[in-house]
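# Geometric and topological summary
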Amino acid sequence: GEALRLVEVSKTYGTQANPVHALRRASLALPAGTFTAVMGPSGSGKSTLLHCAAGLDEPTSGRVLVDGTELVHGSETAMTKFRRSRIGFVFQQFNLLPTLTVWQNTTLPLRLAGQKIDTGFVRDVLDRTWLGDRVDHLPAELSGGQQQRVAIARALVTRPNLIFADEPTGALDTRSAREVLAMLAEAVHTLGQTVVMVTHDPVAAAFADSVVFLADGQIVDRLDRPDAKTVA
Ligand code: ADP
Ligand code: ADP
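Here goes a summary of the coordinates provided. (Residues numbered from 1 in each chain as written. Chains lettered and ligands numbered in written order. Predicted model: local features only at pLDDT ≥ 70, side-chain atom pairs only at ≥ 80, totals over all residues. Heavy atoms only, no water.)

A few words on the site of ligand 2. As a structural note, the neighbourhood of ligand 2 is formed by L50, H51, L56, T80, R83, R84, F89, F91 and D166. Taking R83, its side chain carries an N or O atom lying 2.8 Å from an oxygen atom of ligand 2. R84 has a polar side-chain atom sitting 3.5 Å from an oxygen atom of ligand 2. Coverage of ligand 2 by the protein chains reaches 60% of its 560 Å² of free accessible surface. Of all elements in the fold, only α1 (46-53) and α2 (76-86) reach the threshold of two or more residues within the shell around ligand 2. Split by residue class, the shell around ligand 2 holds four nonpolar, two polar and three charged. (Near = heavy atom within 4 Å. Polar contact = N/O pair within 3.5 Å; in protein donor to acceptor, adjacent residues only side chain to side chain. Areas by Shrake-Rupley, 256 points an atom, 1.4 Å probe, with all protein chains shown as cover. Helix = DSSP H or I, 4+ residues; strand = E, 2+ residues; numbered from the N terminus. Nonpolar A, V, L, I, M, F, W, Y, C, P; charged D, E, K, R; others polar.)

Moving on: the side chain of R83. Mapped onto the secondary structure, R83 falls in helix α2. Relative accessible area serves as the criterion here: at 11%, R83 is assigned to the buried category. Within the structure, R83 has its side chain in polar contact with the side chain of E76 (distance 3.0 Å). For R83, the residues in contact, after removing those within four places along its chain, are A54, G55, L56, E76 and F89. (Buried < 20%, exposed > 50% of the residue type's maximum accessible area, 1.4 Å probe, protein only. Contact = heavy atoms within 4.5 Å.)

All right, on to helix α5 (residues 144-156) then. If you check α5, its first and last C-alpha atoms are 18 Å apart, about what 13 residues at 1.5 Å a residue would give, namely 18 Å. Buried residues dominate α5, accounting for 12 of its 13 residues. Those residues of α5 that fall on the buried side of the exposure criterion are G145, Q146, Q147, Q148, R149, V150, A151, I152, A153, R154, A155 and L156. Where α5 is buried, its residues touch β6 (87-90), α3 (102-112), α4 (119-128), β7 (162-166) and α6 (174-191). (Expected span 1.5 Å × (residues − 1).)

Moving on: the site of ligand 1. Lining the immediate environment of ligand 1, one finds Y13, V20, A22, P41, S42, G43, S44, G45, K46, S47 and T48. One of the backbone nitrogen or oxygen atoms of G45 is found 3.0 Å away from an oxygen atom of ligand 1. With the chains in place, 58% of the 560 Å² that ligand 1 exposes on its own is no longer accessible. Elements that contribute at least two residues to the shell around ligand 1 include exactly β2 (19-31) and α1.

Set out below in C-alpha cells:
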C-alpha cells in the first residue's frame, strides 16, 4: 500500500501583504516499507513538509493522506492521538528521558498510547537496533550513536504508519552516523516500516531508497536507487 501521499500541498506563512510560500503544490507518494530522504537548502521547506505530513501543521491548501486516509485537522487532542498512534519521530538531539533506562525509554510511547507492551516484539526491535545487551542502561551510559538507536527503537515499537527523522545524524560523528543509518535502513526493510528523513548529508541520503529534492518550496527532483523497490 501507500504510506503517505501529498496532493498539491501548499503552505503559506506571513501576511497577505507579505506572504512566505514555504511549500508550493508539493505532490509525493511513498509506498509502505520504503526509506526516503528529503534534501534541500535551508529555507526550502523541508521542515514544513515534515510538519504537514505529520499533522503538526495544517496545509493552506492540498491534501495529505496517511495510509490512504485523508488527514482532517480536528481538535488538538484528536491530532495528538493521531500522531501517537500513527507517527513516530526521531530528532537530531535524541530526546531521551535521562532518568529512564533503555527499556523504559523504548516502551514509553506504548504506555502513553495506552497500548499493550508486546515484550517479544520490543526485544526483537532492541536486538535489531543492536541494543539487546543495553536494556538496563541509562542514556548517559551510552554513546551518541547508541542513544540515537534507542530513539529509533522507540519510534519503531508502536509500528507507526510513518516515521519522520529530522537530521537524525546531525549530532553524530561520521562513523556513528553510518552505523545508525545502516541499522535504520535494515530495520526499515525487515520490519516493513516507512521512514522519511530530512538530512543535509549526501552520505546519509545514500542509505535511502529514494531522495526527494526541495528548492524554494517545490519538489524539483527525485532520485531512486536502481535496486530500490519504490516506484514513483
Ligand atoms: P527548511 O526546513 O528547508 O529549512 P522550512 O520549512 O523551515 O525550511 O521553511 C521554509 C520557509 O518558510 C522559510 O522561508 C521559513 O522562513 C518559512 N517559515 C517556516 N516556518 C515559519 C513560520 N512558523 N512562520 C513564518 N515563516 C515560516
Ligand atoms: P505531545 O504528543 O507530546 O503532547 P504534540 O502531539 O503536540 O506533543 O507533538 C508531537 C511531537 O512532535 C512534539 O514533541 C513536537 O515538538 C514534535 N515535533 C515538532 N517538530 C518536529 C519535527 N520537525 N520533527 C519531528 N517532530 C517534531
